[in-house]
Amino acid sequence: MKFTISTKLIALLLGLTLAVLVVVISAINNVFSSTINEDVILDFAQLRGFFKVQQNLQYDRLAESAYLISENPAFKANVRLNDPPSVQQSLLEFSYFTKSDLFLVTDVDGNILSWLGRPDSTGINLTKRESIRMALAGEEPPFEIEWPELWAVDGALYQIVTIPIYYGNTIGGTITLGTTYKNIEAINLKENTALEVAMLLDDAVIAYSDSSLSSESFELEAQRDSALIDSITSNLVVSEPFRTNLGNTEVLTFISPLGEGERAFYYAYVPTAKQFEILSKLQKNIIIIALVSIFILIPLAILLARAFSDPIKTLTTAMLKVRGGDLNVSLKPKTNDEIGILTRTFNEMIIGLRERFALSKYVGDHTLEMIKKNSDEEPDLGGTRQQLAILFTDIRGSTEKIAKSDPETFISFLNRTLSSQADAVIEQDGSIDKFVGDSLIALFSGHDALERAIRCGITIQKTYGEDSDVSDFFDGLGVGINFGPMVLGNMGAKERLDYTVIGPEVNLAARLCSEAQAGQVLLPGNKVKYFGLEQVFVFNTVSRKNLKGFDKEMEIVEVVYE
């Protein structure tokens with residue numbers, strides 16, 4: 001059979017069109033499927049991040065409430081009486097301002113003294129609970145948690161915090177606060193991403209965000225995934241995303257533990273039809289456009305898709321690194337369009353973050369706390385009068401040493417002793433106000449502020465004496481401590497502020513530091529007597545004299561330490 005040139009060209013064009021159409025659809029399928037899967041994985045990571053923040057906030061709130069209650073004198077007295085009705089009354093009183101779904105107290109043997117709302121539980125031993133055992137052993141809850149502690153009680157799941165109740169250095173019992181997981185937690189998580197959430201305890205649903213699916217769908221899926229769930233809840237790991245069917249709906253999902261202590265977990269999922277709906281529409285449009293102008297529109301579409309997706313993927317990868325704590329990230333803008341502007345803005349943001357991170361090392365904890373509280377306001381040139389303990393240190397012989405030694409050696413030894421002094425301040429929950437030359441100024445707040453300041457001064461002197469290189473290089477170290485009302489606030493000009501303290505009590509601490517001989521920790525004798533610190537430390541009277549700037553004669557005592 002003979003074919004005309006016209007027929008051959010038409011056949012060739014038809015063949016090429018079909019071939020290109022198949023190749024283009026296949027390529028688009030692969031590229032967009034991969035991109036959609038990456039987006040879903042990113043959503044999974046974001047949801048996990050949001051949930052961790054939510055759990056940490058809940059943990060901080062519970063821990064703060066528990067600590068405040070455990071330090072209440074009346075509450076501690078009732079617990080010490082070991083009288084369940086008295087403890088029950090205390091719990092009722094605290095429940096009015098403590099947002100908690102679980103509230104219980106045990107004695108030193110782990111037996112329940114009172115469980116709010118469960119009077120029949122009195123006397124039950126809870127030492128089988130890991131958190132109770134740890135608290136009775138004196139282990140404090142960590143500052144930050146990776147996974148919260150969970151309790152399952154009568155089909156409900158609680159995120160809990162347990163802390164010991166101290167009488168001095170002796171543990172007299174424990175206090176436990178907890179909140180339940182409800183639908184609102186699942187719904188709040190859903191608002192941050194496109195994912196739906198279902199939370200389960202063992203194989204029973206306790207909370208979910210998607211009312212279109214029945215709880216039986218999740219419980220059947222949990223039974224099918226039993227081995228996987230046992231593994232992730234035992235090892236506290238998150239599963240890889242996988243496809244499954246919930247009822248008649250195909251979804252892309254992953255499973256994550258809710259915490260430790262119970263077989264509790266949650267599904268985070270998205271219907272595959274919803275994720276790939278855009279891809280299906282795009283395929284139909286591509287076929288129509290390809291039939292009209294295969295040689296122009298399809299290549300252009302592919303080029304544009306790559307031109308847009310590659311920079312966004314690069315930027316997304318960089319953002320994930322920053323979220324993981326890596327600030328050594330920099331991107332090179334390749335265009336001058338909106339994506340180029342976004343890339344340059346991202347680089348500027350990272351520079352700003354590096355600068356803020358570096359600046360945070362130059363201010364005290366009390367200054368950082370003030371900045372956090374007033375981040376939305378212009379700082380005022382003013383302050384408040386507060387009862388604080390203040391500690392001054394001064395290195396003896398540093399002026400002579402800096403003149404006779406090379407700068408590198410002097411700075412090395414100076415930083416070495418100042419670093420150990422700073423560690424001692426932090427160990428006693430103090431805040432470093434500033435370093436002034438070879439001196440350190442630190443602040444302590446709270447009812448036991450003066451006692452912690454004295455312990456800090458003793459540690460500083462001991463550490464200095466144990467470091468033979470430093471103590472041989474300098475001529476000694478003096479420490480002055482005082483307690484009283486001081487003005488704490490922003491001082492200076494609006495363009496340059498210093499958040500610090502001033503007042504006669506500050507000046508007195510500085511004078512005591514100047515009076516202190518090498519190895520001495522000095523403080524006013526009247527403050528020792530006022531706070532009854534003779535029961536805690538040993539003191540010797542050094543002298544009675546008038547210090548510069550003070551009219552009255554005062555007794556100066558030193559702390560005796562080994």
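Caption draft 1: Representation of the pairing of strand β7 (residues 204-208) in the model. The pairing of strand β6 (residues 196-201) with β7 spans four bridges and is classified as antiparallel. Opposite A198, over in β7, you have Y208 as the bridge partner. Taking the residues that link successive antiparallel strands as the turn, the β6-β7 hairpin has two residues, and the phi of D202 there is positive, at about 55°.

Caption draft 2: Examining the packing of helix α14 (residues 407-427) against helix α15 (residues 449-466) more closely. As a packed pair, α14 and α15 sit with axes 9 Å apart at the nearest point and diverge in direction by 150°. Overall, the two elements α14 and α15 adopt an arrangement that is roughly antiparallel. The handedness of the crossing between α14 and α15 comes out as right-handed. Across the interface between the two elements, T417, S420, Q421, A424, V425 and E427 from α14 touch C456, T459, I460, T463 and Y464 from α15.

Caption draft 3: Structural detail: the side chain of E149. Locating E149 in the fold gives a position in strand β3 (residues 149-153). With residues up to four places along the chain from it excluded, the contact list for E149 reads E130, S131, Y158, Q159, I160, E260 and G261.

Caption draft 4: A look at the pattern of salt bridges. The full count for this structure, using the stated rule, is 20 salt bridges. The closest approach of N and O atoms between D394 and R396, which form a salt bridge, is 2.5 Å. In this structure, E451 engages R455 in a salt bridge whose closest nitrogen and oxygen atoms are separated by 2.8 Å. Of this pair, E451 and R455 both sit in helix α15, separated by four residues, roughly a single helical turn. Taking the relative accessible area as the measure of exposure, E451 reaches 24% and is therefore partly exposed. Assessed through its relative accessible area of 34%, R455 is described here as partly exposed.

Caption draft 5: Here's a closer look at the environment of F265. Looking at the element boundaries, F265 is found in strand β10 (residues 264-271). Taking relative accessible area as the criterion, F265 reaches 0% and is therefore assigned buried. Along the chain, F265 and V205 lie 60 residues apart, while their C-alpha atoms are 9.8 Å from each other. In this structure F265 touches A198, M199, L200, D202, A222, I229, T233, I255, S256, P257 and L258, once residues within four positions along its chain are discounted.

Caption draft 6: Representation of the packing of aromatic side chains in the model. A full pass over the atoms with the stated rule returns 16 aromatic pairs. For the pair F51 and Y266, a centre-to-centre distance of 5.1 Å together with 90° between the ring planes defines the contact as edge-to-face. Highlighted residues: F51 in helix α1 (residues 5-70) and Y266 in strand β10, separated in sequence by 215 residues. When the centroid spacing of 5.8 Å and the interplanar angle of 50° are considered together, the rings of F218 and Y269 count as tilted. You can see F218 sitting in helix α6 (residues 215-224) and its partner Y269 sitting in strand β10, a full 51 residues away along the chain. Residue classification places Y269 among the buried residues on the basis of a relative accessible area of 1%. An aromatic cluster of at least three residues, connected via ring pairs, comprises F44, F51, Y181, F254 and Y266.

Caption draft 7: Highlighting the sheet that holds β10. In space, the five strands of this open sheet follow the order β7-β6-β10-β9-β8, with antiparallel pairing throughout. Bordering the open sheet on either side are β7 and β8 (242-246), each of which pairs with just one other strand. In this sheet, adjacent strand axes meet at a mean angle of 40° when their direction is disregarded. Pairing between β8 and strand β9 (residues 249-257): five bridges, direction antiparallel.

Caption draft 8: Molecular detail of the confidence of the model for the chain. Per-residue confidence for the chain gives a mean pLDDT of 83, with 81% of residues at or over 70. Ranking the elements of the chain by mean pLDDT puts helix α12 (residues 365-373) last with 50 and strand β16 (residues 521-524) first with 95. Across residues 358-364, where pLDDT falls below 50, the model places four contacts with residues more than four positions away in sequence or in other chains.

Caption draft 9: Molecular detail of the sheet that holds β3. Spatially, β2-β1-β5-β4-β3 is the arrangement adopted by the five strands of the open sheet, whose pairing is antiparallel. For this open sheet the edge positions go to β2 (112-115) and β3, each flanked by a neighbour on one side alone. Put simply, the sheet's adjacent strands are angled 30° from each other on average, direction ignored. Bridge analysis of strand β4 (residues 156-167) against strand β5 (residues 170-180) gives 10 bridges, and the strand direction is antiparallel. Residue pairing in the sheet places Q159 in a bridge with T179 of β5. Lying on the sheet, helix α3 (residues 84-95) is in contact with β1 (102-107) and β2; it crosses β2 at an angle near 35°.

Caption draft 10: Highlighting the packing of helix α2 (residues 73-81) against α3. As a packed pair, α2 and α3 sit with axes 8 Å apart at the nearest point and diverge in direction by 155°. It follows that α2 is roughly antiparallel to α3 by the angle criterion. Viewed along their axes, α2 and α3 form a crossing whose handedness is left-handed. Contacts from F75, N78 and V79 of α2 reach α3 at S86, V87, S90, L91 and F94. Across the contact of α2 with α3, the residue classes break down as five nonpolar, three polar and no charged.

Quick notes on the rules
- Position labels on residues start from 1 in each chain and follow its written sequence.
- The predicted nature of this model means local features are confined to residues of pLDDT at least 70 and side-chain atom pairs, given and counted, to a pLDDT of 80 or more, with totals for whole chains, interfaces and linings taken over all residues.
- As a rule here, side-chain values come from all non-hydrogen atoms in the structure, and water together with hydrogens is ignored.
- Pairing between strands is defined by DSSP: at least two bridges between the two strands are required.
- The helix and strand labels rest on DSSP assignments: H or I over at least four residues marks a helix, E over at least two residues marks a strand, and numbering proceeds from the N terminus.
- Fitting a line to C-alpha atoms yields each axis, with helices limited to the stretch in contact; the angle taken between N-to-C directions then spans 0 to 180 degrees.
- By the definition adopted for this analysis, an angle is roughly parallel if under 35 degrees, roughly antiparallel if over 145, roughly perpendicular if from 65 to 115, and oblique otherwise.
- Handedness of a crossing is defined here by the sense of rotation of the near helix relative to the far one, left-handed for an anticlockwise turn of less than a right angle and right-handed for a clockwise turn.
- Any two residues whose heavy atoms approach within 4.5 Å are treated as being in contact.
- Definition used for salt bridges: Asp or Glu carboxyl oxygen within 4 Å of a side-chain nitrogen of Lys or Arg.
- Under the scheme applied here, a residue whose accessible area is under 20% of the maximum for its type counts as buried, over 50% as exposed, and between as partly exposed, the area being computed with a 1.4 Å probe on protein chains only.
- Here a pair means two rings of Phe, Tyr or Trp (six-membered ring of Trp) with centres within 6.5 Å. Their orientation is stacked below 30 degrees between planes, edge-to-face above 60, and tilted elsewhere.
- Each residue gets a pLDDT score, which is the predictor's confidence in that residue and runs from 0 to 100.
- The residue classification treats Ala, Val, Leu, Ile, Met, Phe, Trp, Tyr, Cys and Pro as nonpolar and Asp, Glu, Lys and Arg as charged. All others, Gly included, are polar.

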